[in-house]
Amino acid sequence: MFPTDCGSSDRLLTLGEAITAALKAVQPIRESEPVPLMEAFNRVLASDLPARLDVPPHDNSAMDGFALYLADARSDEPTRLPVVGQALAGHPYRGVVPRGAAARITTGGVIPDGPDVVVMQEQCLIASDESWIEIEPQIAARLKSGENIRRRGEDVRAGTVLLPRGLRLRPQDVALAAGQGIAALDVIRRPRVAVASTGDELREPGMELSPGAIYETNRYVLIGLLRRLGCAVTDLGILRDDRDIVLPALREAATSHDVLLTSGGVSVGTADLVKDVIAELGRIEFWRLAVKPGKPVTFGRIQDCVVLGLPGNPVSVMVSFLLFARPLLLKLMGTEPAEPSRLRVMADFAFRRKPGRREWLRARLRLDPARGPLASIYPNNSSGAVSSLSWADGLVELPEDCAGVAPGDAVDYLPFSGLGVE
Ligand code: AMP
Ligand code: MG
């Protein structure tokens, strides 16, 4: 279906074909490790987690008020009831509240034996010494059995699956586990990812710039995105365009990482030697996709290590990471490589292009009161414009056959937040 020898076929792979082929070649990590809850955020759950407790563990009050018997509440005259005690959160009432009496209760307090309803304190007339309460008939008439009572197990039932395996744990998922008294979770070990930038022109921020040199930006995008995903990142730094530097660096990194991510050096220029080095150390599964930016994306393998050679242009790096590398990493992490979220919105711009490749434009969304959500694009569409990435809050996606966009056309908008970038 796709070329195995460095893209000798004329037809470029579509993004969909490339992802399908690459996903087949990536196997989820199986090893897991226990981590304390506070370190479990963003990690992937290794197995189904059963609930071991009913939550809440006892019937309790949803309001501050008084627990009483519905049958004692009269709708023909005021109901006056003596207050025989209190059930505060963490301090249950001991004993049975008798018919014809009430107990003070706070939110979360255990419903004492006997009463079947809680009346909000705002709806009671309370004696100054709190020895009795009175309820007006029109309030009593509207009370229902079980009102303001949260039932044992209504939130979670013991024995059910609390959290499914493969879930990337969000704060609320970790909270659900905490609510069960679980102190540690079994999670998939982090993928080990090594990142290198290549190029003789690249300098680290903080260094002097010599003539013709530029500061390196790609590792900041890639390492930042990888850390957000929850990968364990090794920074290989900047590698010069020298086979004798690139080859040993990649060979070494491949022995101890799940994924090797490079940027630059996969195009057709004379210094583009990354591709050749991958082919020499392992094999290239495919090279070049029908996408813009990011066409020279290279996918290969060195022994058991997956190698992703991304192009050098900063915009290509971010776009190809989000749309191509990210799903592969999610699968490796043991979670679902879900499609990015897409919104159908109206274009607030004109754009001319040649059909053939799928294209992403750096975009922003705003809500127009009359016309609904409107996408605008950054004026500079160069794949070198880092400023466009910082300006944007998402991407407009143009399908392969799109021949251009006119203002008012419907376009697909991919918010960065749906791609793991907030
Ligand atoms: P290449 O794919 O190596 O031919 O690089 C394409 C373009 O991206 C060139 O203009 C490079 O200078 C630029 N580039 C490559 N790597 C980086 C990087 N790490 N940071 C910023 N720009 C880069
Ligand atoms: Mg280069």
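Values in this document were obtained by computation on a predicted structure and should not be read as measured data.

## Quick notes on the pattern of salt bridges
(1) Moving on: Scanning all chains against the criterion turns up 30 salt bridges.
(2) Moving on: Between Arg74 and Glu77 there is a salt bridge, with the nearest N and O atoms lying 3.7 Å from each other.
(3) Moving on: Residue Arg74 is classed as partly exposed on the basis of its relative accessible area of 38%.
(4) Moving on: A salt bridge links Arg240 to Asp200; the nearest nitrogen and oxygen atoms lie 3.7 Å apart. Remark: Asp200 occurs in the loop between strand 13 (192–198) and strand 14 (202–203) and Arg240 occurs in the loop between strand 16 (232–239) and helix 5 (243–256); sequence separation between them is 40 residues.

## Topic: the site of ligand 1
(1) Moving on: In the vicinity of ligand 1 lie 14 residues, with Glu201, Glu216, Thr217, Gly265 and Gly312 positioned nearest.
(2) Moving on: Between ligand 1 and Glu201, the relevant distance is 2.5 Å, taken from an oxygen atom to a side-chain nitrogen or oxygen of the residue.
(3) Moving on: Between ligand 1 and Thr217 there is a distance of 3.0 Å, counted from a nitrogen atom to a backbone nitrogen or oxygen.
(4) Moving on: In the complex, 76% of the free accessible area of ligand 1, which totals 480 Å², lies under the protein chains.

## Focus: the side chain of Arg189
(1) Moving on: Checked against the element boundaries, Arg189 lands in the loop between strand 12 (184–188) and strand 13.
(2) Moving on: At a separation of 2.8 Å, a polar atom in the side chain of Arg189 contacts the side chain of Glu31.
(3) Moving on: Here Asp258 takes part through its side chain, which lies 2.9 Å from a polar atom of the side chain of Arg189.
(4) Moving on: Not counting residues within four places of it along the chain, the set of residues in contact with Arg189 comprises Ile29, Glu31, Ser32, Glu33, Arg43 and Asp258.

## Observations concerning the sheet that holds strand 9 (residues 132–135)
(1) Moving on: Judged by pairing direction, the sheet is mixed, and its six strands sit side by side in the order 7-4-6-5-9-8 without closing on themselves. Each end of this open sheet is capped by a strand with a single partner; those strands are strand 7 (117–120) and strand 8 (125–126).
(2) Moving on: Sheet topology note: the strand 5 (residues 79–87)/strand 6 (residues 102–105) ladder contains four bridges and is parallel. Pairing of Gln86 across the sheet is with Arg104, part of strand 6.

Rules behind the numbers
Residues numbered from 1 in each chain as written. Chains lettered and ligands numbered in written order. Predicted model: local features only at pLDDT ≥ 70, side-chain atom pairs only at ≥ 80, totals over all residues. Heavy atoms only, no water. Salt bridge = Lys/Arg side-chain N within 4 Å of Asp/Glu carboxyl O. Buried < 20%, exposed > 50% of the residue type's maximum accessible area, 1.4 Å probe, protein only. Helix = DSSP H or I, 4+ residues; strand = E, 2+ residues; numbered from the N terminus. Near = heavy atom within 4 Å. Polar contact = N/O pair within 3.5 Å; in protein donor to acceptor, adjacent residues only side chain to side chain. Areas by Shrake-Rupley, 256 points an atom, 1.4 Å probe, with all protein chains shown as cover. Contact = heavy atoms within 4.5 Å. Pairing = 2+ DSSP bridges.

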